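# Survey of secondary and tertiary structure
Below are the chains, spelled out letter by letter.
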Amino acid sequence: MRVSYTFRNMESSDAIKNYASEKIGKIQKYMRAPLHAEFTFSMERHLHRVDLNLTGDGHQYAGHGQSEDMYATIDQVVDKIDRQVRDTKATENDRRRHGGESLRRPED
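Below is a summary of the structure that appears in this document. (Residues numbered from 1 in each chain as written. Predicted model: local features only at pLDDT ≥ 70, side-chain atom pairs only at ≥ 80, totals over all residues. Heavy atoms only, no water.)

Following the criterion strictly, the structure yields four salt bridges and no others. Residue Asp57 is joined to Lys89 by a salt bridge in which the shortest nitrogen-to-oxygen separation is 2.8 Å. Placement of the pair is Asp57 in the loop between β3 (47–56) and β4 (59–67) and Lys89 in helix α2 (residues 70–98), with a sequence separation of 32 residues. Given a relative accessible area of 13%, Lys89 falls into the buried group. As a salt-bridge pair, Arg86 and Asp82 come within 3.2 Å of each other at their nearest N and O atoms. With Arg86 and Asp82 both in helix α2, this residue pair falls four residues apart, about one helical turn. Note on Asp82: relative accessible area 16%, which makes it buried. (Salt bridge = Lys/Arg side-chain N within 4 Å of Asp/Glu carboxyl O. Helix = DSSP H or I, 4+ residues; strand = E, 2+ residues; numbered from the N terminus. Buried < 20%, exposed > 50% of the residue type's maximum accessible area, 1.4 Å probe, protein only.)

Here it is, written out as structure tokens:
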């Protein structure tokens, strides 16, 4: 798992990096291949903004969020990406399970 961090208009913080890595690590269990995550943390007026781009298993996922608390924003964005990953995996599993059913003839 490769994770890159970009900080804009704010100081880099190891606590934020560790927290984000811990959260994104939970998504790894849905992926077969190692993933690559790119976090962008920024400060706009009084709001903390987090953009996350995730690449893994041949798919790309993106999400962003903003709030007054950086840790809450990280949670919000990771939850969005987690939902996208789970939906994609469910769709792939459905296709695998039900693949070719429409081609079969109903028995009389």
